[in-house]
Amino acid sequence: MKILICDDNFDFCKRLELFLAENLSPNIQFYTCQSREQLIKLLSAKNRFDLLLMDICLEQDNGIQLSKIILEQLPQTSVIFITGYPDLFYETVYLSVRPCGFLKKPVDKELLLSLIRQVIQERKKAPIIGFI
């Protein structure tokens with residue numbers, strides 16, 4: 001499984017990555033980005049992500065819009081939004097993207113782990129689509 005953490009705060013990304021790495025399966029690969037440019041670079045390298053942990057308010061971008069770009073290329077990607085401004089974006093998120101979760105900062109780490117574990121379980125149940 002590949003998880004992409006996208007937040008404009010580098011320290012937040014690294015702390016979250018470390019926490020998740022310590023509490024989830026060692027088979028999970030983590031990637032981080034802090035900007036649209038880094039995100040596009042990761043996507044252009046043909047990376048496929050199973051889960052996106054996306055901050056809604058990035059310095060110059062809107063995480064909801066960036067998520068839509070990712071989902072156009074990788075529709076199987078699950079999204080969990082994270083924001084420090086939940087009241088401003090709550091309804092917009094659900095109208096634009098169908099996230100697996102919506103967390104406010106500071107992040108409730110146990111709730112985040114629970115949401116990620118749900119995504120993992122759902123992916124295990126999902127049929128494998130391939131070529132015949």
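Heads up: these notes are all about the structure in this document. (Residues numbered from 1 in each chain as written. Predicted model: local features only at pLDDT ≥ 70, side-chain atom pairs only at ≥ 80, totals over all residues. Heavy atoms only, no water.)

Turning our attention to the overall build of the protein. Of the regular secondary structure elements, the protein holds five helices and five strands. Looking at the protein as a whole, 42% of its 132 residues are labelled buried. At a minimum sequence separation of 6, the contacts of the protein that also span at least 24 residues come to 64%. Working note: accessible area of the protein is about 8,200 Å², and carbon and sulfur atoms make up 52% of it. (Helix = DSSP H or I, 4+ residues; strand = E, 2+ residues; numbered from the N terminus. Buried < 20%, exposed > 50% of the residue type's maximum accessible area, 1.4 Å probe, protein only. Contact = heavy atoms within 4.5 Å. Areas by Shrake-Rupley, 256 points an atom, 1.4 Å probe, with all protein chains shown as cover.)

A separate point is the pairing of strand β2 (residues 29-33). Relative to β2, strand β1 (residues 2-6) runs parallel, the two being bridged by five bridges. Among the inter-strand pairings, L4 is bridged to a residue of β2, identified as Y31. (Pairing = 2+ DSSP bridges.)

Bringing the nonpolar core into the picture now. In terms of nonpolar packing, the biggest core is built from 22 residues, with I3, L20, L53, L112 and I116 touching the most fellow members. Breaking this core down by element, the ones donating at least two residues are β1, α1 (10-23), β3 (51-55), β4 (78-83) and α5 (109-125). At six residues, α5 tops the list of elements feeding residues into this core. Excluding anything up to four places from it in sequence, L112 contacts L16, L20, L53, I80, L103 and V107. (Core = buried A, V, L, I, M, F, W, Y, C linked by side-chain atoms within 4.5 Å.)

You can see N23 is positioned in helix α1. A residue is classified by how much of its surface remains accessible, and N23, at 31% relative accessible area, is partly exposed.

So, about the sheet that holds β3. Taken in spatial order, the five strands make up an open sheet running β2-β1-β3-β4-β5, and their pairing is parallel. Edge positions in the open sheet fall to β2 and β5 (101-104), since each of these has one partner strand only. When strand polarity is set aside, the average angle formed by the axes of neighbouring strands in this sheet is 15 degrees. In terms of strand pairing, β3 meets β4 through five bridges, oriented parallel. Residue L52 lies in a different strand from β4, and its bridge partner there is V79. The strands touched by helix α2 (residues 36-44) are β1 and β2; relative to β2, the strand with the most contacts, the crossing angle is about 140 degrees. (Axes fitted to C-alpha atoms, helices over the stretch in contact; angles between N-to-C directions.)

Right, let's get into the environment of L66. With respect to the helices and strands, the residue L66 is situated in helix α3 (residues 63-73). Take L66: its relative accessible area is 1%, and that puts it in the buried class. Separated by 27 residues in the primary sequence, L66 and L39 have C-alpha atoms spaced 8.6 Å apart. Ignoring any residue separated from it by four or fewer positions in sequence, one finds L66 in contact with R36, L39, M54, L58 and D61.

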